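The chain contents come next:
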Amino acid sequence: DHLVPPVRTMATTNHLEEKRKALFNGRVDRLKTQEEHDLYDAIEDLTPFTTLNLSSKHMGCREAQVLSSAIIDKRNVTNGKILLSITDLDLSRNNISDDGALALSQALTTNSTITKLDLCWNRIADSGAAAIGAVLGPAQRIDDLNLSHNVITDVGCAALCRAMLTNLTLTIVDLSFNRIGPGGAASLGRMLQQNQRLISVDLANNSIGDTGITAIAAMLSTNRTLETLNLDNNDIHCGPATPVLADALVANENLKVLKLSHNRLGDQGAAILALGLQTNQTIEVLDLTFNRVIEPDRYRGERIEI
């Protein structure tokens, strides 16, 4: 009789995957005392996977450099396996700092498969942001970039924006919880007047202020791709920029979600924006919660959150 090979069930496959992931995590946890080949072996164990999750591994700068070396190792070319199938790279919560970001950017220059890159909570400042921006050229495939919860200022934001002017793939960028002020908002505004790919930008918990919102409003009057814009908690008041933003909402035909919660627009600001929303046909959610609105019932509607 012919031997019938055992049928690999979904449960068996999942069990094997979990074992391989456990082996991988163990090797990564030993990076601080092991040589670089340990990470190479760990990566080889995960070759069939498209997601490489290294979040909260306490990797630091050195381990980020080791990972970067593995990405650009010559074996990528000779056997065509190591990391070549990875599309989602999560390095969040590792404190890789600017040096780690620089090493990673050098590796990403030769990588053509990663489409989602998460670098939040990594103490990345302006030079690290510039290094990441340097790999966002036309040849890159990254479409989702998370740089939230870092220490990027207007300088780093400007460097990223210069890169995004020529980028043809990026659709989602998260710069929330950084140190971006009016200058960074101006850079973003100029970039978004020309960029026709981005559909979601998160600037929540920065400090763009009223000067910054003026630059953003000018962009909204001409941009034709952006669908979600988060400006929560950005020290925005009701002032000369508020009618400009309302006029931008009248002209804009693509934005669906505008978040302005935890600012200081008050009743007058809410009323001005509500007027602009009357002729806008695309906004689905205008979030004005926590804006010191004393009479919320005057503005609450299907599309306005107070």
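Residues numbered from 1 in each chain as written. Predicted model: local features only at pLDDT ≥ 70, side-chain atom pairs only at ≥ 80, totals over all residues. Heavy atoms only, no water.

1. A few points about the overall build of the protein chain
Helix and strand counts for the protein chain come out as 11 helices and 10 strands. In the protein chain, the share of contacts with a sequence separation of at least 24, taken over all contacts with a separation of at least 6, comes to 83%. Of the roughly 14400 Å² of accessible surface on the protein chain, a fraction of 53% belongs to carbon and sulfur atoms. (Helix = DSSP H or I, 4+ residues; strand = E, 2+ residues; numbered from the N terminus. Contact = heavy atoms within 4.5 Å. Areas by Shrake-Rupley, 256 points an atom, 1.4 Å probe, with all protein chains shown as cover.)

2. Examining the pattern of salt bridges
Scanning the model with the defined rule gives 1 salt bridge in all. The residue Glu-295 makes a salt bridge to Arg-298 at a minimum N-O spacing of 3.7 Å. (Salt bridge = Lys/Arg side-chain N within 4 Å of Asp/Glu carboxyl O.)

3. Remarks on unusual backbone geometry
Non-glycine residue Asn-233 carries a positive phi angle of around 50 degrees. Summarising the element assignment, Asn-233 is placed in the loop between strand 7 (228-230) and helix 10 (241-251). Residue Asn-233 is classed as partly exposed on the basis of its relative accessible area of 34%. Here the phi dihedral of Arg-292 falls at roughly 60 degrees; this positive angle occurs in a residue that is not glycine. (Buried < 20%, exposed > 50% of the residue type's maximum accessible area, 1.4 Å probe, protein only.)

4. Comments concerning the environment of Asn-146
Here Asn-146 lies in strand 4 (residues 144-146). With a relative accessible area of 15%, Asn-146 lands in the buried category. Put simply, Asn-146 and Trp-121 are 25 residues apart on the chain and 9.6 Å apart in space, counted from C-alpha to C-alpha. Excluding its chain neighbours within four sequence positions, the residues that come into contact with Asn-146 are Leu-117, Asp-118, Leu-119, Cys-120 and Asp-174.

5. Focus on the nonpolar core
Within the largest apolar cluster, 70 residues are counted, with the highest numbers of intra-cluster contacts made by Leu-231 and Leu-260. If you list the elements that add at least two residues to this core, you get helix 3 (60-71), helix 5 (97-108), helix 6 (126-133), helix 7 (154-164), helix 8 (182-194), helix 9 (209-220), helix 10 and helix 11 (266-278). Those residues in contact with Leu-231 that sit more than four places away from it in its chain are Leu-203, Ile-208, Ile-213, Ile-216, Ile-236, Leu-258, Lys-259, Leu-260 and Asn-263. (Core = buried A, V, L, I, M, F, W, Y, C linked by side-chain atoms within 4.5 Å.)

6. So, the packing of helix 7 against helix 8
Their axes nearest at 8 Å, the elements helix 7 and helix 8 cross at an angle of 5 degrees. Judged by the angle between their axes, helix 7 and helix 8 are roughly parallel. Contact with helix 7, carried on its side by Asp-154, Cys-157, Ala-158, Cys-161 and Met-164, involves Pro-182, Gly-183, Gly-184, Ser-187, Leu-188 and Met-191 of helix 8 and no other residues of that element. For the contact of helix 7 with helix 8, the per-class residue count stands at 7 nonpolar, 3 polar and 1 charged. (Axes fitted to C-alpha atoms, helices over the stretch in contact; angles between N-to-C directions. Parallel < 35°, antiparallel > 145°, perpendicular 65-115°, else oblique. Nonpolar A, V, L, I, M, F, W, Y, C, P; charged D, E, K, R; others polar.)

7. Side note on the environment of Leu-165
Take Leu-165: it is sitting in the loop between helix 7 and strand 5 (172-174). Expressed as a C-alpha distance, the spacing of Leu-165 and Asn-195, which sit 30 residues apart in the sequence, is 5.8 Å. Beyond its immediate sequence surroundings of up to four residues, Leu-165 is in contact with Met-191 and Gln-194.

8. Some remarks on the packing of helix 6 against helix 7
Where helix 6 contacts helix 7, the axes come no closer than 8 Å and their chain directions differ by 5 degrees. As the angle between them shows, helix 6 and helix 7 are arranged roughly parallel. Taken together, the residues of helix 7 that come into contact with helix 6 (itself represented by Asp-126, Ala-129, Ala-130 and Gly-133) are Val-155, Gly-156, Ala-159, Leu-160 and Ala-163. A breakdown of the residues in the contact of helix 6 with helix 7 according to their chemical character gives 6 nonpolar, 2 polar and 1 charged.

9. Some remarks on the side chain of Asp-174
Tracing the backbone through its elements, the reader meets Asp-174 in strand 5. Lys-116 provides the closest opposite charge to the buried, unpaired Asp-174, separated from it by 10 Å. Within the local environment of Asp-174, its side chain forms a polar contact with the side chain of Ser-176, the two groups lying 2.7 Å apart. Those residues in contact with Asp-174 that sit more than four places away from it in its chain are Leu-145, Asn-146, Leu-147, Ser-148 and Asp-202. (Lys, Arg positive; Asp, Glu negative; His and termini not counted. Polar contact = N/O pair within 3.5 Å; in protein donor to acceptor, adjacent residues only side chain to side chain.)

10. Section: the side chain of Thr-171
Locating Thr-171 in the fold gives a position in the loop between helix 7 and strand 5. A relative accessible area of 17% places Thr-171 in the buried class. Apart from the residues within four sequence positions on either side, Thr-171 is in contact with Asp-143, Arg-197, Leu-198, Ile-199 and Ser-200.

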